[in-house]
Amino acid sequence: MNGQAVAPSYGQILQLDELLQSARVHDDDVDSVLFLATHQSCEIFFAVMLRHLEAARAALDAGDGRLAARRVAPLPVIVSTLVRQFDGLATLTPAAFDAIRTELGSASGFQSAQFREVEFLCGLRDTRYLKTDGFTEGDRARLRARLDERSVQEAYRDFVAGCADPAVVEQVRGALIDFDEALAMWRARHAVLAERFLGGATGTAGSDGASYLWQAARRRVLPEVWAVVS
Ligand code: HEM
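The structure displayed is predicted, hence computed values, not measured ones.

Novice: Please clarify how helix α4 (residues 65-72) should be interpreted in this entry.
Specialist: Given 3.6 residues per helical turn, the α-helix brings residues three or four places apart onto the same face. Looking only at α4, the buried set comprises Gly65, Ala68, Ala69, Arg71 and Val72. The buried residues of α4 occupy one face: seen down the axis, they fall within an arc of 160°. Residues of α4 that are buried in the fold lie against α3 (30-61), α5 (74-89), α9 (152-162) and α10 (166-198).

Novice: Just checking my understanding: could you explain the nonpolar core for this structure?
Specialist: A general feature of soluble globular proteins is that nonpolar side chains tend to end up buried together. In this structure, Val72, Val152, Tyr156 and Leu176 are the most contacted members of the largest nonpolar core, which totals 29 residues. Secondary-structure elements contributing two or more residues to this core are α3, α4, α5, α7 (113-122), α9 and α10.

Novice: Mind showing me how you'd approach the site of the ligand here?
Specialist: In the vicinity of the ligand, 24 residues are found, and the nearest of them are Ser108, Gly109, Gly203, Ala205 and Ser207. Looking at the shell around the ligand residue by residue, the class counts come to 13 nonpolar, eleven polar and no charged.

Novice: Whenever I open this one, the packing of α3 against α7 confuses me. Can you help?
Specialist: Two numbers describe a pair of packed helices, the interaxial angle and the distance between the axes. Between α3 and α7, whose axes approach to 9 Å, the crossing angle comes to 20°. Judged by the inter-axis angle, α3 sits roughly parallel to α7. The chirality of how α3 crosses α7 is left-handed. Across from Glu43, Phe46, Ala47, Met49, Leu50 and Leu53 in α3, the residues of α7 making contact are Gln114, Phe115, Glu117, Val118, Leu121 and Cys122.

Novice: Looking at this model, I keep getting lost on α9. Mind explaining?
Specialist: Every buried residue of α9 is listed here: Val152, Gln153, Ala155, Tyr156 and Phe159. Around the axis of α9, the buried residues are gathered within 155° of arc, so they sit on the same side. Opposite its buried face, α9 presents the exposed residues Ala161 and Gly162, each directed more than 90 degrees away. Close packing links the buried residues of α9 with α3, α4, α7, α10 and α12 (223-227).

How each quantity is defined
- Residues numbered from 1 in each chain as written.
- Predicted model: local features only at pLDDT ≥ 70, side-chain atom pairs only at ≥ 80, totals over all residues.
- Buried ≥ 20, exposed ≤ 12 C-beta atoms within 10 Å, placed from the backbone.
- Helix = DSSP H or I, 4+ residues; strand = E, 2+ residues; numbered from the N terminus.
- Arc of directions from axis to C-beta.
- Contact = placed C-beta atoms within 7 Å.
- Core = buried A, V, L, I, M, F, W, Y, C linked by C-beta atoms within 7 Å.
- Near = placed C-beta within 6 Å.
- Nonpolar A, V, L, I, M, F, W, Y, C, P; charged D, E, K, R; others polar.
- Axes fitted to C-alpha atoms, helices over the stretch in contact; angles between N-to-C directions.
- Parallel < 35°, antiparallel > 145°, perpendicular 65-115°, else oblique.
- Left-handed = near helix turned anticlockwise from the far one by under 90°.

Here it is as structure tokens:
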């Protein structure tokens, strides 16, 4: 002790009391615990993705392609871990899923404002999603702010125009494509999972369920980056 400041513990640094208090890990039904905690975990990583994408955009705007590529590099790995989380949900029995679905009512991942933020920040900007039922005014304000911001693909376009080193351009492009490709795989895994549990039924948000998700799997969040292969 000696009057010295006590170093914060692991639990304090991670704010585990607060985190586990609000984590949906306390329900009696352990199937629900898996389902809800998986969604919460995805939301944490959507937040991490947003931070990294903002940092990548700043690096591109500063003309530092290597740093931008480094900021993007963890993202496909993170998205792969989210794909594995769908594998975990696939272990639910149809009966357990049906019980959870009844509890969900009209709630759906469709109402993930952070997922739309990822799309908007990158450059996939379908403004119809601003009207999504279940978004709070705060969600909509954040999404509108994203639309006013420069997208990652705009920053990439300007970076490419000003960069004299084709190797660095290729490094950045490769990192961005790796990320978008991982997201496409996430979308496809999501569609298969929905097919497993819903068959041809509609989703809780009222979409065409798996069929909607298969259409969504065709989307790319960085369409301009894919468009030009040098
Ligand atoms: C058994 C598990 C799951 C099933 C059956 C499922 C099903 C669906 C369906 C059918 C939709 C379309 C909207 C609707 O009508 O509800 C949807 C959208 C969505 N779900 Fe899931 N989902 C599951 C797990 C997850 C998880 C773990 C996440 C992670 C946060 C997630 C995130 C999303 C997102 C972001 C959308 C919007 C996708 C888009 O519009 O491109 N879902 N989900």
